[in-house]
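Examining the three-dimensional arrangement
Each chain, letter by letter, is given below.
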Amino acid sequence: MAQISPSSPAETGDTGQPSLKRVMGPGLLLLFIVGDILGTGVYALTGQVAGEVGGAAWLPFAIAFVVALITACSYLELVTKYPEAAGAALYVHKAFGKHFLTFLVCFAVMCSGITSASAASRAFAANLATGLGLDAGNGLILVIALLFMLLVLAVNLRGVGESVKINVVLTAIELSGLLLVIVAGLYFIFGGQADFSRVVAFETPSDKSVFLAISAATSLAFFAMVGFEDSVNMAEETKNPTRIFPRMMFTGIGITGLIYVLVSICAVAVVPVGQLAESETPLVVVVETAAPGIPIGDLLPFISMFAVANSALINMLMASRLLYGMSKQGVLPPFLAKVNHARRTPHAAIVFTTAIAIGLITFLSLDPDSPVLALLGGTTSLLLLAVFALVNVAVLVLRRDQTGVEHFNAGRVLPVVGTVTCLYLVLPWSSGRPSGQYEIAGVLLAIGVVLWAVTWLSHKNRA
């Protein structure tokens, strides 16, 4: 682990733009990581994971936790070695130096953040309508989702200090909802009413073996574990990132992994798997069954609303900082590196990513009957797992780059294991993913190729 802190940042960078403001200490960074990992996935996907493997729904979450922890070690080596914004795209650029590959990684990570935020904004609107008892149609849900995204835009433009403070409040609320599920579940279990035989029972779809069903469920459960990688994009706004990142990263992943396993065990012990898999609000069903006296039907929609709001806020923070960082590296157009001199926030990148999100939300709302959350969640994990495989390889390649700064070391074995496991969960014949996820990812990457060509031609014409 690194003991040498980076030098104090200058007020302005080489481009004459002011540097980003360092406001995140250990506490805010930990809450950022926990708040980013917790959110849309665990509130909505527990039932779908159980539908793949039966009562052993805790196992895919546990496997996803291990895969995330291994890859997090590679991220820690790189963020403590290069404490700059841009994360995976920056590391791949330094390792391979291929403009095309760097651009695709940048675009894939950005899209994963924006698709997650877009799905979260739609979920926010639906939960708000449910909580207020509105008989909202698709049009009203869309309007609420777009207004919410504009609110996220305003918060991000205001400044990262305000954003992470709001993250503290939202993280506390979403943690309270999950703790409510765990406490109610344990009360039911210790009361002797739970069926623990379901917790170790595998019930897989007829067209899948147990092994393939576990792989498919893990691929889906991994969406609930993503988020730890977003924090490295905040490196330039973190105080002494080289020293505090390893401790906070391991602590954050450990906390969320434990919560996920406890929630999934309580869920399947309290509610039959079929009932969980059919419900769009599986955790509401768990608490209603375990503690019928608690007005959870009225309370949890609002807790879920704040949870997905937190996911949207943090993902949009990540996406904008990613574009800002890669613009500074010259991989993206220079206007994305513009920083507001008063607030010291990357306002151009924030507006650009929000515009994409608004377009995506509108497009998704055209077909409200499609399984949007499952497809977007699976596509998000698909894109990120492919990026994680490249990051694990980049760690080994960049060992030859001696920066002279003491940093975290992931060792030689973990990056290799991380590469293999990530690729296993990406490939169609081993992951058990539905084809729709690959189709969405293919369209997004095709758009990325077009944008790369436009950027390359603009650079060539200016040369």
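Every value quoted in this text rests on a predicted model; they were computed, and no experiment measured them.

Points about the overall build of the chain
The helix and strand inventory of the chain stands at 17 helices and 0 strands. Here the chain, with 463 residues, has 56% of them falling under the buried criterion. In the chain, the share of contacts with a sequence separation of at least 24, taken over all contacts with a separation of at least 6, comes to 82%. Looking at the chain as shown, the accessible area adds up to about 17800 Å², and 67% of this sits on carbon and sulfur atoms.

As for the packing of helix H3 (residues 58–81) against helix H9 (residues 241–270)
Where H3 contacts H9, the two axes come as close as 10 Å, and the packing angle between them is 175°. The angle between H3 and H9 falls in the class roughly antiparallel. Taken together, the residues of the contact of H3 with H9 break down into 19 nonpolar, 5 polar and no charged.

Points about the pattern of salt bridges
On inspection of all chains with the given rule, the structure shows 1 salt bridge. Between Arg399 and Glu77 there is a salt bridge; the shortest N-O distance is 2.7 Å. Of the two residues, Arg399 sits in the loop between helix H14 (372–397) and helix H15 (413–424) while Glu77 sits in helix H3, which places them 322 residues apart along the sequence.

A few points about the nonpolar core
Within the largest apolar cluster, 143 residues are counted, with the highest numbers of intra-cluster contacts made by Tyr75, Phe228 and Met249. Considering each element in turn, this core owes the most residues, 17 residues, to helix H12 (residues 296–328). Beyond its immediate sequence surroundings of up to four residues, Tyr75 is in contact with Ala88, Tyr91, Phe228, Glu229, Val232, Val387, Phe388 and Val391.

What about the state of the cysteines?
Under the criterion given, the structure shown has 0 disulfides. With no disulfide of its own, Cys111 lies closest to Cys106 among cysteine sulfurs, the gap being 9.1 Å.

Looking at the side chain of Asn315
Tracing the backbone shows Asn315 in helix H12. Not counting residues within four places of it along the chain, the set of residues in contact with Asn315 comprises Asp36, Gly113, Ser116, Ala117 and Asp230.

Topic: the environment of Val263
With respect to the element layout, Val263 can be found in helix H9. Taking the C-alpha atoms as reference points, Val263 and Val286, separated by 23 residues in sequence, lie 9.6 Å from one another. Contact partners of Val263, with chain neighbours within four places excluded, come to Val42, Leu178, Val181, Ile182 and Leu283.

Notes on the packing of helix H5 (residues 99–131) against helix H6 (residues 138–158)
Here H5 crosses H6 at 120°, and the two axes come no closer than 8 Å. On the basis of the axis angle, H5 is oblique to H6. Seen along the crossing, H5 lies across H6 with a hand that is right-handed. Contact residues: H5 offers Ala117, Ser121, Arg122, Phe124, Ala125, Ala126, Leu128 and Ala129, while H6 offers Asn138, Ile141, Leu142, Ile144, Ala145, Phe148 and Met149. Looking at the contact of H5 with H6 residue by residue, the classes come out as 12 nonpolar, 2 polar and 1 charged.

Description of the environment of Ile173
Its location among the elements puts Ile173 in helix H7 (residues 160–190). Accessibility expressed as a relative area gives 23% for Ile173, which makes it partly exposed. Between the C-alpha atom of Ile173 and that of Phe302, which follows or precedes it by 129 residues, the distance is 9.4 Å. Excluding residues within four positions of it along the chain, Ile173 makes contact with Ile303 and Phe306.

Side note on the packing of aromatic side chains
With the rule as written, the count across this model stands at 10 aromatic pairs. Ring centres of Tyr75 and Phe228 lie 6.0 Å apart, and the angle between their planes is 90°; this geometry places the pair in the edge-to-face category. Of this pair, Tyr75 sits in helix H3 while Phe228 sits in the loop between helix H8 (210–225) and H9, and the two are 153 residues apart along the sequence. Ring plane angle 15° and centroid distance 4.1 Å describe the contact between Phe124 and Phe148, whose orientation is recorded as stacked. In this pair, Phe124 is assigned in helix H5 and Phe148 in helix H6, connecting sequence segments 24 residues apart. For Phe148, a relative accessible area of 7% puts it in the buried group. These aromatic residues form a ring-pair network of at least three members: Tyr75, Tyr91, Phe222, Phe228 and Phe388.

Analysis parameters
- Residues numbered from 1 in each chain as written.
- Predicted model: local features only at pLDDT ≥ 70, side-chain atom pairs only at ≥ 80, totals over all residues.
- Heavy atoms only, no water.
- Helix = DSSP H or I, 4+ residues; strand = E, 2+ residues; numbered from the N terminus.
- Buried < 20%, exposed > 50% of the residue type's maximum accessible area, 1.4 Å probe, protein only.
- Contact = heavy atoms within 4.5 Å.
- Areas by Shrake-Rupley, 256 points an atom, 1.4 Å probe, with all protein chains shown as cover.
- Axes fitted to C-alpha atoms, helices over the stretch in contact; angles between N-to-C directions.
- Parallel < 35°, antiparallel > 145°, perpendicular 65-115°, else oblique.
- Nonpolar A, V, L, I, M, F, W, Y, C, P; charged D, E, K, R; others polar.
- Salt bridge = Lys/Arg side-chain N within 4 Å of Asp/Glu carboxyl O.
- Core = buried A, V, L, I, M, F, W, Y, C linked by side-chain atoms within 4.5 Å.
- Disulfide = S-S within 2.5 Å.
- Left-handed = near helix turned anticlockwise from the far one by under 90°.
- Phe/Tyr/Trp six-rings, centres within 6.5 Å; stacked < 30°, edge-to-face > 60°.

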